[in-house]
Amino acid sequence: KPFPAFSSRLNAWATMVAGTWLMGECEVNDCEVDGGGVGKDQGVLVKRCRFLEESGCASVCVNSCKIPTQNFFSENMGLPLTMTPDYETGECQFSFGLTPTENGEFEAKNTPCLSRCPTAGSMRVWHDGGKSLDRITETSPKCSLMDGED
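Values in this document were obtained by computation on a predicted structure and should not be read as measured data. (Residues numbered from 1 in each chain as written. Predicted model: local features only at pLDDT ≥ 70, side-chain atom pairs only at ≥ 80, totals over all residues. Heavy atoms only, no water.)

(A) Inspection of the pairing of strand β3 (residues 81-85) at higher detail. Taken across its 5 residues, β3 has 4 buried, putting it largely inside the fold. Sheet topology note: the β3/strand β4 (residues 92-96) ladder contains 5 bridges and is antiparallel. When the bridges of β4 are listed, Thr 84 appears paired with Gln 93. What sits between β3 and β4 in their antiparallel hairpin is a turn of 6 residues, with Gly 90 showing a positive phi close to 85°. (Buried < 20%, exposed > 50% of the residue type's maximum accessible area, 1.4 Å probe, protein only. Helix = DSSP H or I, 4+ residues; strand = E, 2+ residues; numbered from the N terminus. Pairing = 2+ DSSP bridges.)

(B) Spatial organisation of the side chain of Asn 29. Structurally, Asn 29 can be placed in strand β1 (residues 26-32). Looking at Asn 29, its side chain comes within polar contact range of the main-chain nitrogen of Val 44, at 3.5 Å. One polar contact links Asn 29 to Gln 93, side chain to side chain, over a distance of 2.9 Å. (Polar contact = N/O pair within 3.5 Å; in protein donor to acceptor, adjacent residues only side chain to side chain.)

(C) Focus on the packing of aromatic side chains. Here the structure, examined in full by the defined rule, presents 3 aromatic pairs. Residues Phe 73 and Phe 96 carry aromatic rings whose centres are separated by 5.2 Å and whose planes lie at 75° to one another, so their mutual orientation is edge-to-face. Remark: Phe 96 occurs in strand β4 and Phe 73 occurs in helix α3 (residues 58-76); sequence separation between them is 23 residues. Assigned by exposure class, Phe 73 and Phe 96 land together as buried. (Phe/Tyr/Trp six-rings, centres within 6.5 Å; stacked < 30°, edge-to-face > 60°.)

(D) A nonpolar patch on the surface, seen in detail. Taken together, the side chains of Phe 3, Phe 6, Leu 10, Trp 13 and Val 17 make up a nonpolar region of the molecular surface, amounting to roughly 570 Å² of accessible area. In this fold, Leu 10 is placed in helix α1 (residues 4-23). (Patch = residues over 30% accessible without salt bridge, like charges linked within 9 Å, V, L, I, M, F, W, Y side chains within 5 Å. Areas by Shrake-Rupley, 256 points an atom, 1.4 Å probe, with all protein chains shown as cover. Salt bridge = Lys/Arg side-chain N within 4 Å of Asp/Glu carboxyl O.)

(E) Spatial organisation of the environment of Ser 59. Here Ser 59 shows up in helix α3. Overall, the relative accessible area of 2% leaves Ser 59 in the buried class. For the pair formed by Ser 59 and Ala 108, sequence separation is 49 residues and the distance between their alpha carbons is 8.8 Å.

(F) Examining the pairing of β4 more closely. Here β4 lies mainly inside the structure; 5 of its 5 residues are buried. Residue alternation in β4 divides its side chains into two sets, Cys 92, Phe 94 and Phe 96 and Gln 93 and Ser 95, and both sets are buried. Relative to β4, strand β2 (residues 38-46) runs antiparallel, the two being bridged by 4 bridges. Across the sheet, residue Val 44 finds its bridge partner in β4, namely Phe 94.

(G) Representation of the pattern of salt bridges within the structure. By the definition in use, this model includes 5 salt bridges. In this structure, Glu 27 and Lys 47 form a salt bridge, with 3.1 Å as the shortest nitrogen-oxygen distance. Separated by 20 residues along the polypeptide, Glu 27 in strand β1 and Lys 47 in the loop between β2 and α2 (50-55) bring together distant segments of the chain. Overall, Glu 27 belongs to the partly exposed group, its relative accessible area being 32%. Note that Lys 40 and Asp 41 form a salt bridge whose closest N and O atoms lie 3.9 Å from each other. Residue classification places Lys 40 among the exposed positions, given a relative accessible area of 52%. Take Asp 41: its relative accessible area is 30%, and that puts it in the partly exposed class. Beyond isolated ion pairs, a larger network of salt bridges with shared partners links Glu 25, Glu 27 and Lys 47.

(H) Up close: the nonpolar core. Ranked by size, the top nonpolar core spans 22 residues in total, and within it Val 46, Tyr 87, Phe 94 and Phe 96 carry the most contacts. Elements with a minimum of two residues in this core: α1, β2, α3, β3 and β4. Here this core takes 6 residues from α3, the largest share from any one element. (Core = buried A, V, L, I, M, F, W, Y, C linked by side-chain atoms within 4.5 Å.)

Shown next as structure tokens:
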């Protein structure tokens, strides 16, 4: 990691330019980085994520976008990345140079199903390994967090 700040800025810019067609309008911004500082131009704000908007499902967002993307940058690019979706606004903050925390990942994986979730929580069951997709029916239980169960 000879130039972590430069690498973070370069990846933020490349993500903004190359990812706009997939995610929607993006802008490079400042963000928190490892060590508690602020990384100048090391973040990308997706103003209204098409992926989240079209899926309408927090589990799909976390398991099909957030975690795989963070893992790709960490494992293949050698650059920590934390993605923070905002389910209320549809925004997603990419913070290059910020290592995901265990608590943050726990919270992301345990986000309650969105009221607009088209699968009524069944995708979370599938992502958690509870069922295969072909066995999910309309009577499948909603996400346990929606019902307030543990």
